[in-house]
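# A look at the structure
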Protein chains: 2
Amino acid sequence: MKLADAGELHLVELLKKRFSEESPERRGAAGLVLGIGDDAAVIRPNRGMRSHVLLTTDMMVEGVHFDLRWTTPFQLGYKLVSVNVSDIYAMGGTPEYLLLNFACPGSLDLQQYDRFFDGVGQALQKYSVKLIGGDISSSDKIVLSATAVGSASRIIRRCGAKQGEFIHVTGHLGNAAAGLAIMKNLRKQIQIERDAVPNLQLPWDVIEPVIRRHLMPDAVRPDTFVKYATAMMDISDGLLIDVGRLCKESSVGARIRVDRLPLSQGLIEASGLLKLSPVDLALSGGEDYELLFTASEDVIPGATCIGEITRSGIRVVGPDGKQIKHHPKGYEHFAVQD
Amino acid sequence: MKLADAGELHLVELLKKRFSEESPERRGAAGLVLGIGDDAAVIRPNRGMRSHVLLTTDMMVEGVHFDLRWTTPFQLGYKLVSVNVSDIYAMGGTPEYLLLNFACPGSLDLQQYDRFFDGVGQALQKYSVKLIGGDISSSDKIVLSATAVGSASRIIRRCGAKQGEFIHVTGHLGNAAAGLAIMKNLRKQIQIERDAVPNLQLPWDVIEPVIRRHLMPDAVRPDTFVKYATAMMDISDGLLIDVGRLCKESSVGARIRVDRLPLSQGLIEASGLLKLSPVDLALSGGEDYELLFTASEDVIPGATCIGEITRSGIRVVGPDGKQIKHHPKGYEHFAVQD
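Bear in mind that the values here come from a model prediction, so they are computed numbers and not experimental data. (Residues numbered from 1 in each chain as written. Chains lettered and ligands numbered in written order. Predicted model: local features only at pLDDT ≥ 70, side-chain atom pairs only at ≥ 80, totals over all residues.)

Moving on, we get to the overall build of chain A. Across its full length, chain A holds nine helices and 13 strands. Since a compact globule built from 338 residues should have a radius of gyration of about 20 Å, the 20 Å found for chain A is in line with a globular shape. In terms of principal-axis extent, the alpha carbons of chain A reach across some 55 × 50 × 45 Å. The long-range share in chain A, meaning contacts at least 24 apart out of those at least 6 apart in sequence, stands at 83%. (Helix = DSSP H or I, 4+ residues; strand = E, 2+ residues; numbered from the N terminus. Rg over C-alpha atoms; globule rule 2.2 N^0.38 Å. Contact = placed C-beta atoms within 7 Å.)

Structure representation (structure tokens):
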């Protein structure tokens, strides 16, 4: 069987099963608290320590995760830091350190390399994170990976959601996917990091947040949500896929209300221009890096309630309460895209 | 300027300078102890904690670090763990956890993927390390990276060597380079992990350690050397390059005695067959993953004394004490190979 036929989620499941014997959860004792399967791994270096050390790693491959025709090296560096920091935030943690691997062709211009690390540097500063190590290698295409290290006195896992609780998300959904759709049409770089206003068919102030969410997403700080959240993760592969993951870990179901989805003006205008469905983008578009969490409260400042936790199954309902057919689409490596 | 003209060491230096402001060493306090520039970064999660947390990351790119024509997926998985564990050992630490990133084409066979993780699993077991996270992605070529996490009550850095001390190495030098040379000639896989004895022109028991050092190196435990070592690192890019790094960090020089270099019987026989200089392989061959350390003692069980720390300059001398001309060759990404 080829990996393309197995699918990424299946491959991760295989590894989780395979290495879970070696990754028992041991609460209280020094050692591993949480292994494969959440946004970050959690260790407690010393017995009795209140603080946990969180570890997460993510990679970005040229031609798969990014396209230099419409992504500047600066944006790439910024995004690499953000996506790793987002996983630490998604556990309720504070990011502290980053290790970074950089592989690229020898023909890459040193200026591009510098601009990449300018972007890394700006993001590090934003999140108060220190770069402490890494590796540089040659390769045909640019391949990046980073490992973020953070800390938390209390961690918020994916497995804590209970029936009757409310589902919340931060910010807007589908912006990153709409931004990607715009950039795929443009096929040229926009120097968004230098406030260069491009000549587009849509007003820049409306469309800028959408494009920025794709090119230079900011990870969302969990600080004001941790006191409410019973389960939390970041939305990286699309709302429905990620709600499905949270529900699976919590052994519950979910009802998502389409009319509650937070859609930005930019998403709606971009969707109109590109003849895309804003609701589809919000349900299935990946890389929003917004926080998804559950809570017993239905009104939480800074977040939008988009549905409820049910006993089982993931249902999407319209304004009339009737179920809408959907497939939990989203980006999956090795998946046959339909 | 292209990266190929800048050279890897220069690129690392640039980053070290750039991010060093953000990586101050703060001994005693909680936080960062050691940033970019040694085998691993060191943090102390809690104030007053005696134990340090060590972090290191390394990547392996198909066509650059390995060739699947003569490396099995099992060997690749094993080696990825070993090279990361080696960096933890090289700080005097104990490896504990690993995060792993795996990118490959969707056309890869699931069986190959499984064999890769068999190799990872065997190495994890050998080093008592737990896999706690990672990321899977698609890519044109196989790109791997891993981050190892370890601990140490006392760390041994590269910067502690003093004039008059002795230079020691573990095991044999040049084996990995000779093994690579043999495999480049063979251009076929050897199932060394299954004790399959191939039909070679050299006796298998003599040549096996040489080939194994290239395909499936074991990281060297520092336990018996830490009480002697004033500075330590692992030899990944070649003895002379790495001695140069240790000396630079310690602001000293070195005299390497050619007649003291520990050459294996396999290295000598392979060099004869392939018309290579065993001394050149020992001085400049990369990926030996042996430990290099300095100590005030000249006889240390389990290690070989190969020279002395001097005031400045790296000199290689023959049996008659006369200097031998050499260039500090070794593997450097983006370097113009001569």
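There is more to say after this.
Below, the discussion takes up the confidence of the model for chain A. Residues and elements named next belong to chain A. Model confidence for chain A is summarised by a mean pLDDT of 89, while 92% of its residues fall at 70 or above. With pLDDT under 50 throughout, residues 22–29 is counted as low confidence; its partners more than four residues away or in other chains account for 15 contacts. Interface predicted TM-score (ipTM) for the complex: 0.88; the corresponding pTM is 0.90. (pLDDT = per-residue confidence, 0-100.)

Attention now goes to the interface of chain A and chain B. Facing 63 residues of chain A, the contacting portion of chain B comprises 63 residues. Listing elements by their share of the side of chain A that touches chain B, those giving two or more residues are α1 (3–6), α2 (8–20), β2 (41–44), β3 (52–61), β4 (94–104), α4 (110–127), β5 (130–138) and β6 (143–152) of chain A. Split by residue class, the side of chain A that touches chain B holds 35 nonpolar, 18 polar and ten charged. (Nonpolar A, V, L, I, M, F, W, Y, C, P; charged D, E, K, R; others polar.)

If you look at the biggest cluster of nonpolar residues, it comprises 218 residues, and the most contacted ones within it are Leu55, Val81 and Leu98 of chain A together with Leu55, Val81 and Leu98 of chain B. The contact partners of Leu55 of chain B, leaving out residues within four places of it in the chain, are Leu99, Ile132, Gly133 and Val149 of chain A together with Ala40, Ala41, Ile43, Thr147 and Val149 of chain B. (Core = buried A, V, L, I, M, F, W, Y, C linked by C-beta atoms within 7 Å. Buried ≥ 20, exposed ≤ 12 C-beta atoms within 10 Å, placed from the backbone.)

Moving on, we come to the domain arrangement of chain A. One frequently used descriptor of interface size is the decrease in accessible area upon assembly of the parts. Residue and element names in this part refer to chain A. Along its sequence, chain A is carved into domain 1 (3–152) and domain 2 (166–324). Domain 1 and domain 2 are separated by 22 Å when their C-alpha centres are compared. On the domain 2 side, the residues contacting the 18 residues of domain 1 number 22 residues. Broken down by element, the residue count for the side of domain 1 that touches domain 2 peaks at ten residues, all from helix α3 (residues 73–89). (Domains from an automatic or database assignment.)

The two copies are related by a screw operation: chain A maps onto chain B through 180° of rotation and 0.0 Å of translation along the axis, at an RMSD of 0.0 Å. Taken together, the rotation angle and the small translation identify this as a two-fold axis. Interface overlap between copies is the fraction of interface residues in one copy that are interface residues in the other; for chain A against chain B it reaches 100%, indicating a shared surface. (Least-squares fit on C-alpha atoms with pLDDT ≥ 70 in both.)

On to the packing of helix α6 (residues 204–215) of chain A against helix α8 (residues 265–274) of chain A. Residues and elements named next belong to chain A. Orientation of α6 relative to α8, taken along the N-to-C sense of each, is 95°, at an axis distance of 8 Å. The pairing of α6 with α8 is recorded here as roughly perpendicular in orientation. Here Val206, Ile207, Pro209 and Val210 of α6 come into contact with α8, specifically with Gln265, Gly266, Leu267, Glu269 and Ala270. (Axes fitted to C-alpha atoms, helices over the stretch in contact; angles between N-to-C directions. Parallel < 35°, antiparallel > 145°, perpendicular 65-115°, else oblique.)

A separate point is unusual backbone geometry. All names here are of chain B. You will see that Ser128, though not glycine, has its phi angle at about 55°, which is positive. Relative to the helices and strands, Ser128 resides in the loop between α4 (110–127) and β5 (130–138). The backbone of Lys275 sits at a positive phi, close to 55°, despite the residue not being glycine. Along the chain, Lys275 turns up in the loop between α8 (265–274) and α9 (278–284). The class for Lys275 is exposed, based on 6 C-beta atoms found within 10 Å.

Another aspect to go through is the environment of Ile182 of chain B. All names here are of chain B. With respect to the secondary-structure elements, Ile182 resides in helix α5 (residues 175–186). With 47 residues separating them in the primary sequence, Ile182 and Ala229 have C-alpha atoms 34 Å apart. Those residues in contact with Ile182 that sit more than four places away from it in its chain are Val210, Ile211 and Ala270.

This part takes up the sheet that holds β4 of chain A. Residue and element names in this part refer to chain A. The six strands are arranged β1-β2-β3-β6-β4-β5 in an open sheet whose pairing can be described as mixed. Lying at the two open borders of the sheet, with one neighbouring strand each, are β1 (31–34) and β5. The sheet shows a mean angle of 20° between the axes of neighbouring strands, taken without regard to direction. Relative to β6, β4 runs antiparallel, the two being bridged by nine bridges. Across the sheet, residue Phe102 finds its bridge partner in β6, namely Leu144. (Pairing = 2+ DSSP bridges.)

To continue, consider helix α6 (residues 204–215) of chain B. Along α6 of chain B, the residues that are buried comprise Ile207, Val210, Ile211, Arg213, His214 and Leu215 of chain B. Next to the buried residues of α6 of chain B lie α3 (73–89), α5 and α8 of chain B.

All names here are of chain B. In the contact formed by α5 and α6, the axes pass within 7 Å of each other and the chain directions differ by 90°. Of the possible angle classes, the one that applies to α5 and α6 is roughly perpendicular. Each of Asn175, Ala176, Ala178, Gly179, Leu180, Ile182 and Met183 in α5 lies in contact with α6, whose residues at this interface are Pro209, Val210, Ile211, Arg213, His214 and Leu215. Looking at the contact of α5 with α6, its residues break down into nine nonpolar, three polar and one charged.

Another aspect to go through is the environment of Val210 of chain A. All names here are of chain A. Checked against the element boundaries, Val210 lands in helix α6. With 30 C-beta atoms counted inside 10 Å, the residue Val210 sits in the buried group. Put simply, Val210 and Ser264 are 54 residues apart on the chain and 8.1 Å apart in space, counted from C-alpha to C-alpha. Excluding its chain neighbours within four sequence positions, the residues that come into contact with Val210 are Asn175, Ala178, Gly179, Ile182, Ser264, Gly266, Leu267 and Ala270.

Once that is clear, we can look at α3 of chain B. The end-to-end C-alpha separation of α3 of chain B is 24 Å, in line with the 24 Å expected for 17 residues at 1.5 Å each. In terms of burial, α3 of chain B is a largely internal element, 17 of the 17 residues being buried. (Expected span 1.5 Å × (residues − 1).)

Our focus in this paragraph is the sheet that holds strand β8 (residues 231–234) of chain B. All names here are of chain B. Ordered by their spatial adjacency, seven strands build an open sheet running β8-β10-β7-β11-β9-β12-β13, and the pairing between neighbours is mixed. Here the strands that pair on one side only, and so sit at the sheet edges, are β8 and β13 (323–324). Sheet topology places strand β9 (residues 253–257) next to strand β12 (residues 314–317); four bridges connect them, and they run parallel. Its bridge partner lying in β12, Ile256 is registered against Val316. Contacts from helix α7 (residues 239–250) reach β8, β9, β10 (291–295) and β12, with the element oriented near 145° to β8.

Residues and elements named next belong to chain A. The side-chain alternation of strand β8 (residues 231–234) yields two buried faces, one formed by Ala231 and Met233 and the other by Met232 and Asp234. With four bridges joining them, β8 and strand β10 (residues 291–295) adopt antiparallel strand pairing. Bridging across to β10, Met232 finds its partner in Phe293.

Residues and elements named next belong to chain A. Taking burial as the measure, the ten residues of β3 include ten buried ones, the bulk of the element. In this structure, β2 lies alongside β3, joined through three bridges in antiparallel fashion. Its bridge partner lying in β3, Val42 is registered against Leu54. Strand direction decides the pairing type here: β3 and β6, joined by ten bridges, are antiparallel. For Thr57, the partnering residue across the bridge sits in β6 and is Thr147.

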